[in-house]
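The residues making up each chain are set out below.
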Amino acid sequence: MQAMNLPSVDEANLAGGRIQRSSSLVEDVYEAVFAQLMSLKIAPGSRITVDSLVKEFNVSHTPIREALGRLEGEGLVLKTHLIGYRAAPQITKRRFDELYELRLLLEPHGAAKAAVLMDEAKLAQLQKSAGVMARREGKDERLRYSNFARQDAIFHDKVMEFANNELVRETLAHQHTHFHIFRLMFHSRVTEEALDEHEAILAAFAAADPAAAEQAMRRHIEHSRDRLLLAFD
């Protein structure tokens, strides 16, 4: 089957239907399904059929399967032999508590180390990935939410990269923490308050102040935990 209209990431791919041609078909299909997972349009634990996505995006089976394989690698999609794909179930309260305990043990200290090693080039990368400069771009809340989930993951990963401890960075990345916790609650408050907290972390980095960076990162993670705890009520 040849694709007639190839997907790009915009409001159409969240609502369903044909979408515009772009340079990377697999990437666009991936972004479209990712946005639906993050905004809970595809519910946790629900079945994902390749044929239905083929019809929704009007593309062939190959990019759908490749995109789902990438999402499987990120822990957002599960594949069962002879059964097919389904969205990963929501994390449990116990797993949520464990993830935040791990983050509070590792990330504030990492932020302090990153502040000590900060320079203009690193700060520019963090400012770009923090999402602050583009915080009110786009009208579709679901798309903005999924975009921020990715940016948040990149921002925190960059901080750990600049802390210069690859083992800690790999440990956190392996948990796919940000993708799982953002699926708990689709709400604009999660992004807006987190962006304010990112600004405070950036200010500490700009001042090359390790104590302030550690405090700002700790506050950010604690507030993130408190916001998302409501999902378990």
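Note that this is a predicted model, so its numbers are computed, not measured. (Residues numbered from 1 in each chain as written. Predicted model: local features only at pLDDT ≥ 70, side-chain atom pairs only at ≥ 80, totals over all residues. Heavy atoms only, no water.)

Draft legend 1. The arrangement of the overall build of the protein in detail. Broken down by element type, the protein carries 11 helices and 3 strands. Walking the protein from its N terminus toward its C terminus, one meets helices and strands in the order α-α-β-α-α-β-β-α-α-α-α-α-α-α. For the protein, with 233 residues in total, the buried portion stands at 46%. Expressed as a percentage of contacts within the protein between residues at least 6 apart in sequence, the contacts between residues at least 24 apart total 74%. Of the roughly 11400 Å² of accessible surface on the protein, 52% is carried by carbon and sulfur atoms. (Helix = DSSP H or I, 4+ residues; strand = E, 2+ residues; numbered from the N terminus. Buried < 20%, exposed > 50% of the residue type's maximum accessible area, 1.4 Å probe, protein only. Contact = heavy atoms within 4.5 Å. Areas by Shrake-Rupley, 256 points an atom, 1.4 Å probe, with all protein chains shown as cover.)

Draft legend 2. The pairing of strand β2 (residues 77-80), seen in detail. Here β2 runs beside strand β3 (residues 84-87); their pairing, made up of 4 bridges, is antiparallel. What sits directly across from Val77, in β3, is Ala87. (Pairing = 2+ DSSP bridges.)

Draft legend 3. Molecular detail of the sheet that holds β2. Across the sheet, 3 strands lie side by side as β1-β3-β2; this open sheet has antiparallel pairing. Every other strand in the sheet has two partners, leaving β1 (47-48) and β2 as the edge strands with one partner each.

Draft legend 4. Quick peek at the pairing of β3. The sheet contact formed by β1 and β3 spans 2 bridges and is antiparallel. From the neighbouring strand, Arg47 faces β3, where its bridge partner is Arg86. The loop that links β2 with its antiparallel partner β3 comprises 3 residues; one of these, Leu82, has a positive phi angle of about 70 degrees.

Draft legend 5. Spotlight on helix α5 (residues 93-116). If you check α5, its first and last C-alpha atoms are 35 Å apart, about what 24 residues at 1.5 Å a residue would give, namely 34 Å. Maximal helix bending in α5 amounts to about 30 degrees, located at Leu104; proline Pro108 follows within four positions. Turning to α5, its buried residues are Phe96, Leu99, Tyr100, Arg103, Leu104, Glu107, Pro108, Gly110, Ala111, Ala112, Ala114 and Ala115. (Expected span 1.5 Å × (residues − 1). Bend = angle between axes of the 7 residues up to and from the residue.)

Draft legend 6. A look at unusual backbone geometry. Not every positive phi belongs to a glycine, and Asn58 is a case in point at roughly 60 degrees. Within the secondary structure, Asn58 is located in the loop between α3 (50-57) and α4 (61-73). Of note in this structure, His176 is not a glycine but carries a positive phi near 50 degrees. In this fold, His176 is placed in the loop between α8 (166-174) and α9 (177-182). When its relative accessible area of 23% is taken as the criterion, His176 is described as partly exposed.

Draft legend 7. The packing of aromatic side chains, seen in detail. The final tally for this structure, using the stated rule, is 6 aromatic pairs. Ring centres of Phe34 and Phe179 lie 5.1 Å apart, and the angle between their planes is 70 degrees; this geometry places the pair in the edge-to-face category. In this pair, Phe34 is assigned in helix α2 (residues 25-38) and Phe179 in helix α9, connecting sequence segments 145 residues apart. Assigned by exposure class, Phe34 and Phe179 land together as buried. By way of ring pairs, the aromatic residues Tyr30, Phe34 and Phe179 are connected into one cluster. Lying over the aromatic face of Tyr30, Arg70 brings its terminal NZ or CZ to 3.6 Å of the ring centre. Its guanidinium or amino end placed over the ring of Phe34, Arg150 lies 4.0 Å from that ring's centre, counting from NZ or CZ. (Phe/Tyr/Trp six-rings, centres within 6.5 Å; stacked < 30°, edge-to-face > 60°. Lys NZ or Arg CZ within 6 Å of the ring centre and 35° of its normal.)

Draft legend 8. Inspection of the side chain of His156 at higher detail. Here His156 lies in helix α7 (residues 141-162). For His156, the side chain forms a polar contact with the side chain of His220, separated by 3.1 Å. In contact with His156, not counting residues within four places along its chain, are Arg103, Glu107, His178, His198, Met217 and His220. (Polar contact = N/O pair within 3.5 Å; in protein donor to acceptor, adjacent residues only side chain to side chain.)

Draft legend 9. Spotlight on the pattern of salt bridges. Inspection of the entire model under this criterion finds 15 salt bridges. Between Arg169 and Glu161 there is a salt bridge, with the nearest N and O atoms lying 3.6 Å from each other. Residues Arg227 and Glu193 are paired through a salt bridge, measuring 3.3 Å at the closest nitrogen-oxygen approach. Taken as a pair, Arg227 in helix α11 (residues 210-228) and Glu193 in helix α10 (residues 188-206) lie far apart in primary sequence, 34 residues in all. One network of salt bridges, in which partners are shared, links Asp157, Lys158, Glu161, Glu166 and Arg169. (Salt bridge = Lys/Arg side-chain N within 4 Å of Asp/Glu carboxyl O.)

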